[in-house]
Amino acid sequence: MYEHIFIQERQAYDAIVVGSGITGGWAAKELTEQGLKVLLLERGRHVEHGRDYTGEHKAPWELPFRGRGDRRLYEAEYDVQRRCYAFGEATRHFFVNDRENPYEHDPDKPFSWIRGYHLGGRSLMWGRQCYRWSDLDFEANLREGIAVDWPIRYADLEPWYDYVERFAGISGQPEGLPHLPDGPFLPPMMMNCAEQHLKAGIERAFPERKMTIGRVAVLTVPHNGRAACHYCGPCERGCTPGAYFSSLSATLPAARATGNLTIRPHSVVHSVIYDEEKGRASGVRVVDYETKEMHEFYARIIFLCASTLGTTQILLNSTSSRFPNGLGNDSGELGHNLMDHHFVVGATATIPGFEDRYYFGNRPNGIYIPRFRNLGDRATRHRDFLRGYGYQGGASRAGWNRGMAMRGFGADFKHRLREPGPWTMWLGGWGETLPRHDNYVELDPEQTDAWGIPLLKVHCTWGENELAMRKDMAEQAAEMLEAAGCTNVQPFDAYTEGGLGAEPGLCIHEMGTARMGRDPKTSVLNAYNQVHAVPNVFVTDGACMTSSACQNPSLTYMALTARAAHHAVEEMKRGNL
């Protein structure tokens, strides 16, 4: 397929970073600030912060389909991506075309792989919720005899949580919970009147539970040259003031400022080049997105930050006589232990009263109820499942479009819709999934994409533990809303066996497939995210995760990446890399 291979100057770069999303941005920032010459490879197009946020602040009537999108186009070319809450007419350009970027899954085991191939990756459309892990999470596998033990503990990561939070800017309320550690927060966003009412009711009925405002990577005050949020709402369209953290608003500008960063878009990484004599990786093979020509780039260290499945696809495709089943795959665990968070389960309700109250703007954040199941004591133990879940949600007033579900017509009907509707509340659970060897990905031995890369085949389902947890997630959400005085309480669960609704992948928190561990015989990466057998290759995106906890994972990816980057530089100074 590749008629010519263009070999670049061998000593041009100290480091190669693959991917420009949350972790790629952090790797580029940390390595360049430490003085390394870095080549950042992005498989998609270039996006300029601000200029290319073409849907930002556009009203529905300014869009060709009035914000509803081209239904036929979506069905033909975005059948997976349109399942993401952030996909729409104003954001379609930030999502991949499914027809042009195929993958496979079992017919009765759907997996929704939500992707963004462009500079900044999914950091432009992410949910921005940021929660630390604790030793309740890092010790869970060891405590319960599941999978393998994490090679690190909270104390190893705590200073790096501090480090990335101070740079990114995380707003939130300290609560003093041992299983959800606090950080150096910016001032929290405010709960509205209905949420404050619910908080009091829930905490009165369940004294061991806490409801707090979400901890979110959105600025409430100016921070590091970025402006505070003005509550316009749809963050996934991009944010010219840089009020929410992304690679384009924060880490890549910092990396560029060093003068040490080279960005090469349209660069589809084919594989990692392995030097059998030295026992090290020497570079990467890249297929140019537009010309389909293959190039080779070389560096002393390589950071794979191409997203959980993207990185594992590269490793599986990096074969040699030493690694016939994928780079660093001595354990046979590469591709296995795929996880995601399960969600789209909880309850909705009506909140009586407060009809003379409203709120300002569109707060880009909700409330959070931290995990209260299986905290390590008898009182919180649930006999039907391991681990736990947290809730996210929010209260708001229904708008005029509630009229589509109401009876009526004429002037009186329209007059009634001019007033805000009743207060409503939703609580949605985000639950931990267990790392299972039989949830895995592999390469199709026959099918390739337009760039000659073997297609990824995904095999993943929820297990009995997840299904038992979902039952409790819906029941407890309903119980809390009822206890707080809500009416019309409606539990919900979108999961359907073998169907769409709450299938793996949809939460966009895919993790695992190249897990960290203490033993090279049972894991792919060591405690500093280095491939055990190829220590100058680092994996710091979600592929490295040994378990999933129930907290949104991006903050942990950031901390792991910063920690690994500093370790890499120290090892280079010692002559070990």
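Residues numbered from 1 in each chain as written. Predicted model: local features only at pLDDT ≥ 70, side-chain atom pairs only at ≥ 80, totals over all residues. Heavy atoms only, no water.

(A) Main features of empty space enclosed by the protein. Evaluation of the coordinates by the stated rule reveals four cavities of 30 Å³ or more. By volume, the largest cavity is sized at about 120 Å³. The wall of the largest cavity is formed by 17 residues, among which C229, C232, G233, C235 and C239 lie closest to the centre. There is about 80 Å³ of room inside the second largest cavity. As for the second largest cavity, its lining consists of R43, N101, P102, W113, R115, Y117, Q313, D449, W451, I453 and L455. Its residues assigned to classes, the lining of the second largest cavity shows six nonpolar, two polar and three charged. (1 Å grid on protein atoms, 1.4 Å probe; cavity = no way out; pocket = protein on both sides within 12 Å on 5 of 7 lines; lining within 4 Å. Points joined across faces, edges and corners; volume = space filled by probe spheres on them. Nonpolar A, V, L, I, M, F, W, Y, C, P; charged D, E, K, R; others polar.)

(B) Representation of the packing of aromatic side chains within the structure. Scanning all chains against the criterion turns up 27 aromatic pairs. Taking the centre distance of 4.6 Å and the plane angle of 5° together, the rings of F303 and F538 count as stacked. Taken as a pair, F303 in strand 10 (residues 301-304) and F538 in strand 19 (residues 534-539) lie far apart in primary sequence, 235 residues in all. The residues F303 and F538 share a single accessibility class, namely buried. Judged by centre distance (5.5 Å) and plane angle (80°), the ring pair of F372 and Y389 falls under edge-to-face. Note that F372 is positioned in the loop between strand 12 (367-369) and strand 13 (389-397) and Y389 in strand 13, a separation of 17 residues in sequence. By the ring-pair criterion, three or more aromatic residues cluster together here, those being W26, W126, W160, Y163, F167 and F245. Between R563 and the ring centre of Y528, over which it is positioned, the NZ or CZ distance is 4.2 Å. (Phe/Tyr/Trp six-rings, centres within 6.5 Å; stacked < 30°, edge-to-face > 60°. Helix = DSSP H or I, 4+ residues; strand = E, 2+ residues; numbered from the N terminus. Buried < 20%, exposed > 50% of the residue type's maximum accessible area, 1.4 Å probe, protein only. Lys NZ or Arg CZ within 6 Å of the ring centre and 35° of its normal.)

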